[in-house]
Structures are given as C-alpha cells and as structure tokens.
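Working through the structure, step by step
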Amino acid sequence: MLKLALNRTLLAIPTLFVLTAITFFLIRVAPGGPFDSEHSLSSEVEKNLRRIYHLDEPLLVQFGRYLGNLVRGDFGPSMYYLDQSVSDLIGSGFSVSLRLGALSLLVALCVGLVAGTVAATRKGRLLDTAVMALAMTGISIPNFVVAPLLVLLFAIVLDWLPAGGFDGASHLVLPVIALALPQVAYIARLTRASMIEVLRSPYVRAARARGIDGLALIVRHCLKPAFLPVLSYLGPAAAAIVTGSVVVEQIFQIPGLGQHFVQGALNRDYTLVMGVVIFYGALIIVFNLLVDVLYSWFDPRVLSSSATSENPS
Amino acid sequence: MRRIIAAVVMLVIAWLVWDSFGNRLGRDDPEAVAGQRTVLHRGNGTEPESLDPHRMRSDSALTIGRDIYEGLTALAPDNSVIPGVAGSWDIAEDGLKYTFYLRDDAHWSNGDPVTAADFAFAFRRLVNPDTGGVYAFIISPVKNASAISAGNAAVDTLGVTALDERTLVIELETPAPYLLGVLSQPSTSPLHRATLASHGDQFARPEHHISNGPYVLTEVVVGSHVRAQRNRYFHSVDEVSIEEIVYHTIPDPATELNRYSAGELDMTYTTPSALFSWVTENLNDELHVSPQLSTYYYGFNLDYPPLRDNPGLRKALSMVIDRQILTDRVLGAGQHPASSWVPPGVNNYQPSEFEFLVLNQDQRIDRARGLYAAAGFSDDNPLKLEILYNTGEGHRNIALAIASMWQESLGADISIINKEFRVLLQDMRDGNTQVFRSSWVGDYNDANTFAEVFLSNSGANFARYSNSDYDNLVAQAGRETDVEKRRELLQRAEAILLNDAPVIPLYYYTTKRLSKPYVKGWVDNIMNFQLTRYLSMDSD
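Predicted model, so just to flag it, every value in this text is computed and none were measured. (Residues numbered from 1 in each chain as written. Chains lettered and ligands numbered in written order. Predicted model: local features only at pLDDT ≥ 70, side-chain atom pairs only at ≥ 80, totals over all residues. Heavy atoms only, no water.)

1. Regarding the packing of aromatic side chains
According to the stated counting rule, one finds 26 aromatic pairs over all chains in the structure shown. Relative to Phe63 of chain A, the ring of Phe17 of chain A has its centre 6.2 Å away and its plane inclined at 55°; by these criteria the two rings are tilted. Of this pair, Phe17 of chain A sits in helix H1 (residues 2-29) while Phe63 of chain A sits in helix H3 (residues 59-71), and the two are 46 residues apart along the sequence. Here Phe63 of chain A falls in the buried class, since its relative accessible area comes to 7%. Taken together through their ring pairs, the aromatic side chains of Tyr297, Trp341, Phe450, Phe454, Tyr465 and Tyr470 of chain B make up a single cluster. The lysine or arginine in question, Arg28 of chain A, covers the ring of Tyr270 of chain A, its NZ or CZ lying 4.5 Å from the ring centre. The ring of Tyr518 of chain B carries Arg37 of chain B above its face, with NZ or CZ at 3.5 Å from the centroid. (Phe/Tyr/Trp six-rings, centres within 6.5 Å; stacked < 30°, edge-to-face > 60°. Helix = DSSP H or I, 4+ residues; strand = E, 2+ residues; numbered from the N terminus. Buried < 20%, exposed > 50% of the residue type's maximum accessible area, 1.4 Å probe, protein only. Lys NZ or Arg CZ within 6 Å of the ring centre and 35° of its normal.)

Here is the structure:
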C-alpha cells in the first residue's frame with residue numbers, strides 16, 4: 001500500500017505540470033484580458049497595469065515566473081479581485097465547498113446505501129419498484145431544476161428554510177439536498193445491484209444456514225463486499241459533486257470555490273483560474289489515491305494476485 | 001476498530017455541521033431584538049472587484065464606495081450637489097480656480113480629522129499611472145491631470161494644493177461646470193495617509209479599513225457579502241438611521257428575487273426581466289421603475305466599407321427600427337425608446353432629437369428605402385451585415401427583432417452572432433466588427449459624459465467616429481462658463497452626431513428595483529443612487 005501511495009504521488013507531479021501548462025497557455029489564447037471594459041483605460045494606465053502584472057513579458061517568461069512562484073506556494077494576486085490574493089480566495093472558498101461537498105457525499109452515501117439495501121432485500125416487491133423509480137427521477141432531473149424547486153417550496157411557500165446565503169446550519173440543508181439527490185440515486189442503484197449479487201453468494205448462504213439473518217446478516221456479512229462498486233464510484237461521485245457545486249453555489253449564493261471556476265474565466269482572471277485548476281487537479285488526484293487505498297482495505301484480495309469476487313468452490 | 005472508525009466519522013459529521021452554526025457572519029442579528037430593524041440587507045449584483053476608491057469601477061463596488069467614502073461634495077437624494085467634507089467653496093470668475101473650506105467636524109472612522117492634505121494625497125494617487133485608476137479621467141480638467149496620467153509630468157505637479165489643514169485649492173486647465181458633481185464620486189474621496197503608509201495597497205481590506213463616510217467596512221466575504229457599520233465619527237451621524245448594512249453579492253436576478261421573496265433582502269439591485277410581468281402583478285407596490293442615465297445602442301464600425309462615408313445608409317438603418325416595439329414587446333420592463341443620444345433628465349440639458357421623429361413609421365420606411373437604394377443596394381444586391389452582441393438577457397431578442405426589421409423593411413441580409421462579453425470588447429477595440437451592441441452609462445449628471453464618448457481621441461469611441469466640427473464644439477463647451485451657451489454648444493454637437501449616425505441609440509435604461517414597504521427614504525433619481533445614509537426602516 002505504501003508503494004502504491006508513493007507511486008501515485010510521484011506520478012502526480014508530471015500530471016499537475018501538464019495541467020498547469022495547458023491551462024496557462026489556453027487561457028491566454030482567449031481574446032480579451034482582465035482589464036477590459038467599455039470604459040476604456042487610458043493607454044498609459046493600461047500599459048502600467050500590464051507591466052505590474054507582467055503581462056507585457058513574453059509568454060514563456062511569464063510561465064517560468066509563475067512556476068517559480070508556484071513551487072514556493074505563491075499563487076499570486078487575483079487580477080480581478082484587486083484586494084485579494086489567490087490563496088486567500090481559494091482557502092476561504094474551499095473551506096465552504098468542502099463542508100458542502102463532504103456533507104452531500106455523506107448524505108448521498110447513507111441514504112443511497114440504505115435505499116439500495118432495502119430495495120435489494122425486497123427485490124421484486126412494491127418497495128423495490130418504488131425506490132428504483134424514485135432513483136430514476138433523481139438521476140433524470142438536473143440539479144439546476146431541483147434547486148429552484150426546493151427554494152420555492154421550502155423557502156418561499158413554507159418559509160421553513162432560508163433561500164440562500166451561508167450563515168448557519170439551516171443554510172446547508174437545501175443545497176446539500178440539491179447536490180446529493182442525483183448521487184443518492186446512483187448509489188442506490190449500484191448498491192441494489194451489488195447487494196443482490198452478494199446475497200446470492202455461497203458465503204452468505206452458508207451464514208444463513210448457520211442461522212444468521214436479518215440486520216446482522218446485512219451489516220456483518222454483506223455490507224463490506226457489496227460496498228465495493230460504490231467505493232469505485234466515489235471518485236466520479238466526488239467529481240460530479242465538485243462540478244455540480246458550481247451551479248448549486250450560484251443558485252443558493254454560497255461563497256464556495258465553484259464561483260471562481262466560471263467567473264474567473266469570464267473575468268480573464270488568469271491567476272485565479274490557474275490557482276483553481278491546479279487546486280482541483282491536486283484534489284482529484286489525492287481523492288483517487290484515497291479511494292484506491294480504501295479499496296484495498298475493503299477487499300484485501302485486490303492487493304493479491306486474484307481479482308475475482310467469487311470464492312473458489 | 002470498527003467502533004473507532006464509527007466514532008471518528010461521527011465527530012467529522014458533527015464538526016461539519018457545527019462549524020456552520022453562526023460561524024460565518026459571527027454575530028446575532030440585532031434585528032431580532034425588540035422588533036427593531038437596524039440592519040439593512042441590500043442585493044448588490046456582482047462581486048465588487050475592489051474597495052480601494054481608485055480601483056473601483058463596477059456599479060456594485062461604487063455603490064459600497066458611496067456609503068463608505070465621502071468626497072468634497074455629496075449628493076442629496078435627488079442627485080443635487082450638497083456640501084460633503086467641504087462645508088463651503090468659492091469659485092473664481094473664470095471658473096479655473098476652486099477653493100474648498102473643509103468642515104471642522106469631518107473625521108475619519110478612528111477619530112482623526114480629515115484634512116486638506118488627505119485630499120491632495122488622494123488626488124495625486126488617482127492620477128498616478130502606477131495606481132491603474134480607471135476613473136483618473138474624471139478629473140482631467142484639473143491642471144496637469146491628463147499629462148500625469150499619460151506619464152508626461154511628475155505627480156506632484158497636479159493642480160491640487162492644501163493651503164492649510166482646512167483649505168484645499170484646485171486649479172483647472174479648462175472650466176468644468178460639472179466639477180462639483182464629479183467631486184462626490186468615490187474616486188475623488190480622501191485617503192487616510194497613515195493607513196496607506198503602513199499597509200500600502202492593502203489599506204482597503206476590512207481589517208485595516210479607515211474611512212470618512214457614513215459607514216466603515218467591517219467584513220468582506222468573497223462570493224457572499226460585504227458588511228459595513230455606521231461610522232460614529234461621521235459629521236452627520238445623527239441623520240444616519242441605519243446602523244449596519246449587508247451588501248449581498250447576488251449576480252443572478254432570479255436568485256435575488258427568491259431571497260427577496262423569502263424575506264432575506266430588504267431591497268434588490270434589479271429585477272429579472274423574464275419575471276417582470278409577474279413582479280408587476282404581485283409586487284407592484286414594492287417596485288420602483290425609473291429612468292436611468294444610460295443608453296443602449298448599436299454601433300457601426302465606420303471603417304467597414306458599406307458603412308464608411310455613408311451616413312444616408314446608416315440613418316436609413318436607424319429609421320426603420322420601431323423602437324416602440326422593442327421597448328413594449330421585446331423588453332417590456334418600462335424602458336423608453338431613444339429619441340437622442342443623451343438620455344432625458346440630465347442637468348441643464350435638453351437633448352437634440354432624431355430629425356425623422358416627425359415622420360410616422362410608414363413614412364420612415366419609405367424614406368429609408370430611398371436612402372438604401374441611393375447607397376446602391378436592392379433586392380438583387382442586398383446589404384449584408386453582421387450584428388455582434390454579448391450573451392445576456394434580452395440582447396439576443398433585440399438582435400433578432402432588429403435583424404428582422406432590417407430584412408423586412410429593406411431586404412437586407414442580416415446575420416446575428418453571439419459573443420462572450422470580453423471577446424466582443426476585444427473585437428470592438430480591434431475594429432473587428434460591423435454592427436455591435438453596446439451601452440453607455442453616464443459617470444456624472446451632465447451631458448458632457450455622453451458627449452465625450454465620440455471625441456476622436458476617446459477610448460470608448462468604438463464606432464471610430466471622427467468629426468472635427470464635433471470635437472471643436474465639445475471642446476468649446478468645455479471652456480464655456482455660461483450655462484445657456486454651453487447647453488447650446490452641446491446641443492449642436494449632438495445634432496451633428498445624430499445626423500452622422502455613427503451609432504443607433506435604441507432605448508434608455510430603466511432601473512427596476514424592489515424594496516420592502518418598511519424601507520423609507522427612497523427617492524427615484526436618474527443616477528440610480530440609493531445612498532444608505534438617507535434610508536431608514538420602520539420597526540414592526
């Protein structure tokens with residue numbers, strides 16, 4: 001496992017470098033710059049601004065300068081939010097998005113696992129069909145449709161919850177629901193399929209023969225093996241929550257990292273976009289590594305040469 | 001082992017939820033106490049890019065700037081000029097020298113007195129090219145201001161002198177009758193020199209912020225809100241009713257409306273156009289619709305061959321557009337069709353109007369067809385034009401409407417192309433356009449702010465219009481001290497502009513904002529300013 005972690009960390013460096021280089025040059029190709037507006041700046045002022053932010057230097061020189069600062073952990077000042085540094089913006093944005101994302105993932109996991117297990121144990125019956133139908137709607141309806149509906153119902157009509165902002169636990173409820181819903185649906189379906197297979201496996205039949213049944217059977221013997229496909233899905237799930245958060249954060253006015261992703265590009269805020277891309281890139285690499293490590297803990301057979309999920313009979 | 005993991009997971013969840021409890025805004029809303037409303041929650045549009053008065057340029061940032069800073073003059077709720085930090089002033093006969101006498105009781109938010117030297121320092125920083133101040137041009141009439149901004153003169157040659165602690169002298173190169181209004185703009189605010197000395201460009205951050213306006217910054221959370229607290233050292237603090245302001249950053253008008261409906265905002269920045277009819281039906285008593293000092297227009301690129309040297313063709317294109325249909329049917333939010341370049345309601349000014357206004361729509365189409373044919377176009381040889389517009393509410397609908405009007409009435413072949421805002425700006429600057437959509441918002445309440453857009457050397461002259469008669473008239477108006485004569489000069493300039501038709505003014509913006517019935521002190525005005533110092537809220 002240690003070798004795996006080391007391997008991955010070493011691989012991460014060239015990956016991040018390529019990511020940085022591509023983003024750096026790509027965003028500068030886009031027409032327009034950070035200081036454009038209909039109220040044009042006088043040419044002298046504009047020349048000075050470009051000088052202050054090193055935009056008048058050749059691209060390769062700018063890139064070298066950026067990399068030099070990067071290895072020292074300096075993401076530079078934001079080119080649009082003139083009073084803020086990129087590290088500050090990412091730091092404050094991430095602490096919010098992390099809370100939102102982690103809670104959404106947790107809720108999605110818990111609700112999805114339970115729903116999927118219930119459906120699997122009641123396979124073919126009414127509850128199974130109902131849960132799966134709900135899951136299908138959850139996957140089909142995009143979160144930018146669900147979110148305003150939630151606001152309309154809970155914030156405006158019922159006045160139970162706030163419509164937006166980020167000031168207390170009650171402000172988390174609707175955004176978490178909006179983000180988690182599609183993932184609940186996926187995880188429920190995955191769990192159901194996987195649980196059905198596990199319930200059929202020889203070792204579960206053996207346990208049943210020994211008299212173990214009901215909740216004890218599910219929790220002690222089935223959950224861990226059934227969880228494996230869900231675990232593999234956690235990587236893409238986290239990525240979906242990250243991208244979904246861009247929309248949800250806008251609808252609920254949450255000061256997370258998602259806003260900087262889109263708005264940074266529209267504002268041509270070169271340094272902020274670079275910072276956010278590198279940060280997200282590193283995050284996804286770390287998260288995938290974590291998932292792989294967890295996977296080997298859940299199923300020790302992964303580390304050994306055998307890769308099948310059936311015991312040899 | 002399993003128990004340990006379960007315990008850790010529980011703790012993590014608890015932290016995730018707990019940490020959100022009142023942690024962000026960090027204090028109890030005094031609103032809840034005794035039914036008194038003391039905190040004003042304002043929707044404030046997009047994220048302010050900076051709270052440094054010399055780096056502000058978006059309306060969102062300037063809105064906050066007007067509450068936290070005060071210049072030599074201030075504006076009353078109806079936009080008329082009143083004393084600000086300066087209690088009184090003298091203007092020399094030739095209009096080239098202004099002497100301002102500062103109030104004794106003008107203080108910074110830490111108790112320090114506001115001095116003339118604070119103003120002199122601030123003005124020099126504004127025009128200094130190293131600052132990158134967008135609004136440096138606004139004091140261009142001041143002696144040497146333009147030269148300094150262009151890098152051709154030293155900063156300390158600026159015609160602003162502090163005679164003593166309380167007296168400031170400003171010398172001008174040309175008379176500027178609108179100067180007093182300009183001096184209320186946040187860019188012309190004084191700066192607290194000690195804070196700049198110790199914190200440099202970080203002086204505008206809330207932890208360092210010292211200001212001289214009715215309010216002072218206390219918190220900035222990017223993407224969420226900005227908070228400001230009443231400044232107890234403000235000279236007229238007894239007249240300021242609202243104790244605290246929260247400016248909510250809500251760029252999406254629909255989201256803003258949701259939060260307003262849920263009672264989380266006391267006033268909005270705007271209203272979503274798509275829901276405007278719903279708002280007029282359900283929230284009509286809370287809606288304010290008033291004309292704004294800004295014009296929406298289509299510009300011609302005068303370097304583009306069929307349009308170049310062809311004012312007849314350009315006028316034809318302008319004439320056939322039924323602006324009433326645009327405002328009533330396409331937009332439907334109370335906008336007014338444009339009849340001139342300068343919007344109505346500007347101080348001391350009556351705009352010149354399109355000469356074709358005397359004709360009805362059918363007559364205009366007839367005349368336009370004549371001009372179109374005279375330019376050499378016909379059904380066999382239609383005029384081919386591209387309309388460029390930026391992504392946004394209504395822009396596409398307007399482009400479609402105008403394209404179809406040109407096609408139906410003249411038989412022209414029109415295509416419309418959507419570009420992202422900055423890409424469009426780049427095209428406009430590079431001259432890579434034929435017809436482009438743009439708008440102009442007045443910086444101060446005077447016709448000059450609209451007239452100077454079309455000077456040959458103006459950076460905002462994206463139509464690439466150049467007419468020396470026009471330039472001369474506007475320059476002459478800039479030197480004229482007599483109000484009547486000045487108005488006449490500007491009107492003649494505008495008439496020339498409308499005759500040459502480098503642009504097609506389409507409509508004047510209206511602001512459409514909501515405010516709760518308990519918010520008092522709201523006065524509709526053409527600059528669309530709602531300074532919090534004039535507002536108050538009734539208690540429950």
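2. Details of the interface of chain B and chain A
Counting residues at the interface gives 63 residues for chain B and 57 residues for chain A. For the pair chain B and chain A, the summed buried surface comes to about 5,000 Å²; carbon and sulfur atoms form 55% of the total. Remark: the boundary between chain B and chain A carries four salt bridges. A salt bridge links Arg51 of chain A to Asp130 of chain B; its shortest N-O distance comes to 2.9 Å. Taken together, chain B and chain A are joined by 15 residue pairs in polar contact (both at pLDDT 80 or more). Taken together, the elements giving at least two residues each to the side of chain B that touches chain A come down to helix H1 (2-18), strand E8 (215-221), helix H7 (253-261), helix H13 (421-430) and strand E15 (435-441) of chain B. Tallied by class, residues from the side of chain B that touches chain A come to 27 nonpolar, 18 polar and 18 charged. (Contact = heavy atoms within 4.5 Å. Buried area = accessible area lost by both parts, 1.4 Å probe. Salt bridge = Lys/Arg side-chain N within 4 Å of Asp/Glu carboxyl O. Polar contact = N/O pair within 3.5 Å; in protein donor to acceptor, adjacent residues only side chain to side chain. Nonpolar A, V, L, I, M, F, W, Y, C, P; charged D, E, K, R; others polar.)

3. Some details on the confidence of the model for chain A
With 95% of its residues at a pLDDT of 70 or more, chain A shows a mean pLDDT of 86. Per-element confidence in chain A ranges from a low mean pLDDT of 79 for helix H2 (residues 43-52) of chain A to a high of 92 for H3 of chain A. (pLDDT = per-residue confidence, 0-100.)

4. Focus: the environment of Asn528 of chain B
Residues and elements named next belong to chain B. Structurally, Asn528 is set in the loop between strand E17 (519-520) and strand E18 (536-537). By relative accessible area, Asn528 is classed as buried at 15%. When the C-alpha atoms of Asn528 and Asn348 are compared, they prove to be 18 Å apart, with 180 residues separating the residues in sequence. Residue contacts for Asn528: discarding those within four places in its chain leaves Gln292, Thr511 and Arg513.

5. Looking at the sheet that holds E8 of chain B
Residues and elements named next belong to chain B. Across the sheet, four strands lie side by side as E1-E10-E9-E8; this open sheet has mixed pairing. Bordering the open sheet on either side are strand E1 (39-43) and E8, each of which pairs with just one other strand. Strand-to-strand twist in this sheet, taken as the mean axis angle between neighbours without regard to direction, amounts to 20°. Its contacts with the sheet place helix H2 (residues 59-68) against E1, E8, strand E9 (225-230) and strand E10 (244-248), and it is angled at close to 145° to E8. (Pairing = 2+ DSSP bridges. Axes fitted to C-alpha atoms, helices over the stretch in contact; angles between N-to-C directions.)

6. Comments concerning the nonpolar core
The nonpolar side chains of soluble globular proteins are, as a tendency, buried together. Residue and element names in this part refer to chain B. In terms of nonpolar packing, the biggest core is built from 75 residues, with Tyr298, Trp341, Trp406 and Leu506 touching the most fellow members. When residues in this core are grouped by element, the largest group, eight residues, is from helix H12 (residues 395-410). When near neighbours in sequence (up to four residues on either side) are disregarded, Trp406 contacts Leu317, Val320, Ile321, Leu385, Ile387, Gly411, Ala412, Ile414, Val435 and Ile504. Core analysis: the second largest hydrophobic core is formed by 65 residues, Ile68, Ala145, Tyr178 and Tyr444 among them. (Core = buried A, V, L, I, M, F, W, Y, C linked by side-chain atoms within 4.5 Å.)

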